[in-house]
Amino acid sequence: MDIAVLVKQVPDTYGERRMDMSDWTLDRDASDAVIDEIDAKAVEVALQLTEKHGGEVTVVTMGPARATETLRKALSMGAHKAVHVLDDAIAGSCALQTSAVLAAALRQVGADLVVAGNEATDGRTGSVPAMIAERLGLPAVTSVRSLEVDGSTLTAERVVESGYSEVTSTLPALVSINEKIAEPRYPNFKGIMAAKSKPVTTLSAADLGLDPSTLGLAAASTQIVSGAPRPPKDAGTTVTDDGTGAQQLADFLAGEHLL
Amino acid sequence: MSEVLVLVDHVDGVIGKGTTELLAAAARLGSPAAVVVAQTGGAEALSGQLAAAGAATIYTAESDSGTSYLLTPEVAALAAAAAAASPRAILLPATFDGREIAGRLAVRLNAGVLADAVDIEDADGEVVATQSVFGGEYTAKYRVSTGIPIISVRGSAMTESAPAVDQPRIVALDAQVDPAVSPTVVSQHPDPIGDRPELKAATVVVSGGRGVGSAENFTLVEQLADELGGAVGASRAAVDSGYYPHQFQVGQTGTTVSPQLYVALGISGAIQHRAGMQTAKTIVAINKDPDAPIFEIADFGVVGDLFSVTPALEEAVRARKG
């Protein structure tokens, strides 16, 4: 079964993340850019499925030039091919626009299963996988912590706030995974070397049959009204416990009328 | 007055608390209109509660289908209601289900989505949603410029109630579901409901991290939570180590909480965790590592052994109350 995996390069969540206050877009230069952890897990899930059932894994990303690093990482893990949608017109796109671009790219890839992370750590709408499924006319199972394929049936455990359910779907389908599903393998030396010669196809909006004027910040479906950084917090008090730490903390809570 | 659609969450004939909150938020923008997906006859049972919560209109999509389709009935019902009502906005809970429904609906209606709003207002005739960016590092207000605003709302972020309605208008929808794009729910496994307050809405949260050391030791966290009347949370490290179940995870990839008081026990305070709790009004921490980043955001921190400080704190709190 051929699988397409959506991957995104995002600001490192372990580092400082900043908004560009002039146009309220993500300041992608402010911190290191890494593959979103959840997407490395999505690649792992896809690789495990193709190792079991045969087929190829194609990773797909939409991002600026340096997003190729994320594709190389996925190829080093064992993905077979990559597609990079690269076009300046796309910068600042909203979730709805992003889903149109990715859906167009996925139509060209043509896969039996699309695997995505449940939510990007920067945008955090958590709606792009469902938007893509709607555009492609696919059933979607989101927030999945386990996944099995048997012929043309997919069975998954879907986790929501109140518990989980067992869900089945026909293929082709789209799934989004949660972070508990798998640990991503580390690329080994052989994988890293092999990645260098794996095919990476670069596509522009026009290559996808999309009108660039419908993409990007100016045409986005959501617009910023105002924004501000969090007001700085006053420094707190830290004490070293000498046997009275607990009492001091209790006194503090009482003083704040929290008891 | 324009209608504002609210998707109703209901189990066993009872509407969810989130629905009451969404109807109240809807009342800020227009006339609240509840959208109910149910088995035949199920909507009638909810109409009294929905009217009491402020629904002036109730759209119903009922079916006898034995098959439980995953979320596509809700999308179809909202799309049909939107066609009937030309609403000013569509409100959904910011849950896993809500975000998926919002995504499909946004494409179907060619409408923009504002996710996880912590506030909604009518600003000079425009629907504006407030969002917390990067775990509270920034606050931003957004509007939708394409189609009907579809807004998923963070639970318990807004707490007023809408005025009750006497006789809501009830409208049956013709909402067709396409089985070809609908997964089937085979079985449901709800988590047991505990006695403690629900994490995401709690005014006090006591969380344990990797420093707690084991699942057995988490009773220490639970005891302090009970003494303070709070919910229990856990860091991702604690959950991944098997100390506590994942539904209690607080952080970037868990629940985001904004309580009056957050107590962090044995939690280092990595950015991933802070993104889920740093908007708490008061933060206190106990950790044996003086360089733990949690102390940078704590209003009061104790550098010490949580196994001795926590029980002593519980005792001191009990003494104060007594």
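These lines cover the structure that appears in this document, whether it is placed above or below. (Residues numbered from 1 in each chain as written. Chains lettered and ligands numbered in written order. Predicted model: local features only at pLDDT ≥ 70, side-chain atom pairs only at ≥ 80, totals over all residues. Heavy atoms only, no water.)

Time to look at the overall build of chain A. The secondary structure content of chain A amounts to 6 helices and 15 strands. Principal-axis analysis of the C-alpha atoms gives chain A an extent of 65 × 45 × 40 Å. A separation threshold of at least 6 residues defines the contact pool for chain A, and within that pool the share at least 24 residues apart is 72%. For chain A, the exposed area adds up to about 11100 Å²; of that, 50% sits on carbon and sulfur atoms. Taken together, the 22 basic and 35 acidic charged side chains of chain A have centroids lying 5 Å from each other. (Helix = DSSP H or I, 4+ residues; strand = E, 2+ residues; numbered from the N terminus. Contact = heavy atoms within 4.5 Å. Areas by Shrake-Rupley, 256 points an atom, 1.4 Å probe, with all protein chains shown as cover. Lys, Arg positive; Asp, Glu negative; His and termini not counted. Charge placed at Lys NZ, Arg CZ, Asp CG, Glu CD.)

Residue and element names in this part refer to chain B. Among the structural elements, I148 can be located in the loop between β10 (138-144) and β11 (150-153). Expressed as a C-alpha distance, the spacing of I148 and I90, which sit 58 residues apart in the sequence, is 7.2 Å. The contact partners of I148, leaving out residues within four places of it in the chain, are A82, P87, R88, A89, I90, A111 and G112.

Let's shift gears to the layout of surface pockets. Residues and elements named next belong to chain B. Its boundaries defined by the atoms lining it, the second largest pocket holds a volume of some 490 Å³. Together, 28 residues line the second largest pocket, and R210, S235, A237, I267 and S268 are the ones closest to its centre. The set of elements that each furnish at least two residues to the lining of the second largest pocket consists of α6 (236-240), α7 (271-274) and α9 (306-321). (1 Å grid on protein atoms, 1.4 Å probe; cavity = no way out; pocket = protein on both sides within 12 Å on 5 of 7 lines; lining within 4 Å. Points joined across faces, edges and corners; volume = space filled by probe spheres on them.)

Where charged atoms from two side chains of opposite charge come close, those side chains can pair. Within this structure, the stated rule accounts for 35 salt bridges over all chains. Ionic pairing is found between E44 of chain A and R185 of chain A, a salt bridge with its closest N-O pair at 2.8 Å. Of this pair, E44 of chain A sits in helix α1 (residues 37-53) while R185 of chain A sits in the loop between β12 (173-177) and α5 (189-195), placing them 141 residues apart in sequence. Among the residues examined, E44 of chain A registers a relative accessible area of 5% and is labelled buried. When salt bridges with common partners are traced through the structure, they connect E37, E179 and K180 of chain A together with R236 and D240 of chain B into a single cluster. (Salt bridge = Lys/Arg side-chain N within 4 Å of Asp/Glu carboxyl O. Buried < 20%, exposed > 50% of the residue type's maximum accessible area, 1.4 Å probe, protein only.)

Taken together, the contact pairs 82 residues of chain B with 79 residues of chain A. Of the roughly 6900 Å² buried between chain B and chain A on both sides combined, carbon and sulfur atoms contribute 56%. Across the contact surface, chain B and chain A share 11 salt bridges. We note a salt bridge from K233 of chain A to D299 of chain B, for which the minimum N-O separation is 3.0 Å. Counting the contacts that link chain B with chain A gives 44 residue pairs in polar contact (both at pLDDT 80 or more). For the side of chain B that touches chain A, the element with the highest residue contribution is helix α4 (residues 96-109) of chain B, accounting for 10 residues. (Buried area = accessible area lost by both parts, 1.4 Å probe. Polar contact = N/O pair within 3.5 Å; in protein donor to acceptor, adjacent residues only side chain to side chain.)

The full count for this structure, using the stated rule, is 1 cavity of 30 Å³ or more. Its volume calculated, the largest cavity comes out at about 70 Å³. What lines the largest cavity is N118, G126, P129, A130, T142, S143 and S176 of chain A together with F96, R99 and E100 of chain B. With 3 residues, α4 of chain B is the single largest residue contributor to the lining of the largest cavity. For the lining of the largest cavity, the class distribution of residues is 3 nonpolar, 5 polar and 2 charged. (Nonpolar A, V, L, I, M, F, W, Y, C, P; charged D, E, K, R; others polar.)

Here the focus is the pairing of strand β8 (residues 113-117) of chain A. Regular strands place their side chains on alternate faces of the sheet. Residue and element names in this part refer to chain A. The element β8 is largely enclosed, with a buried count of 5 among its 5 residues. Burial along β8 is two-sided: L113, V115 and G117 facing one way and V114 and A116 facing the other are all buried. Of the pairings in the sheet, the one linking strand β1 (residues 3-6) to β8 comprises 3 bridges and is parallel in character. Note that in β8 the partner of A4 across the bridge is V114. Strand direction decides the pairing type here: β8 and β12, joined by 5 bridges, are parallel. Residue pairing for β12: G117 is matched across the bridge by I177. (Pairing = 2+ DSSP bridges.)

All names here are of chain B. The set of residues buried in helix α2 (residues 42-52) consists of A43, L46, S47, L50 and A51. One face of α2 carries all of its buried residues, which in axial projection span an arc of 140 degrees. Close packing links the buried residues of α2 with β2 (10-11), β3 (14-15), α1 (17-27), β4 (31-39), β5 (57-63) and β12 (169-172). Just beyond α2, the residue with positive phi is G54, at close to 110 degrees. (Arc of directions from axis to C-beta.)

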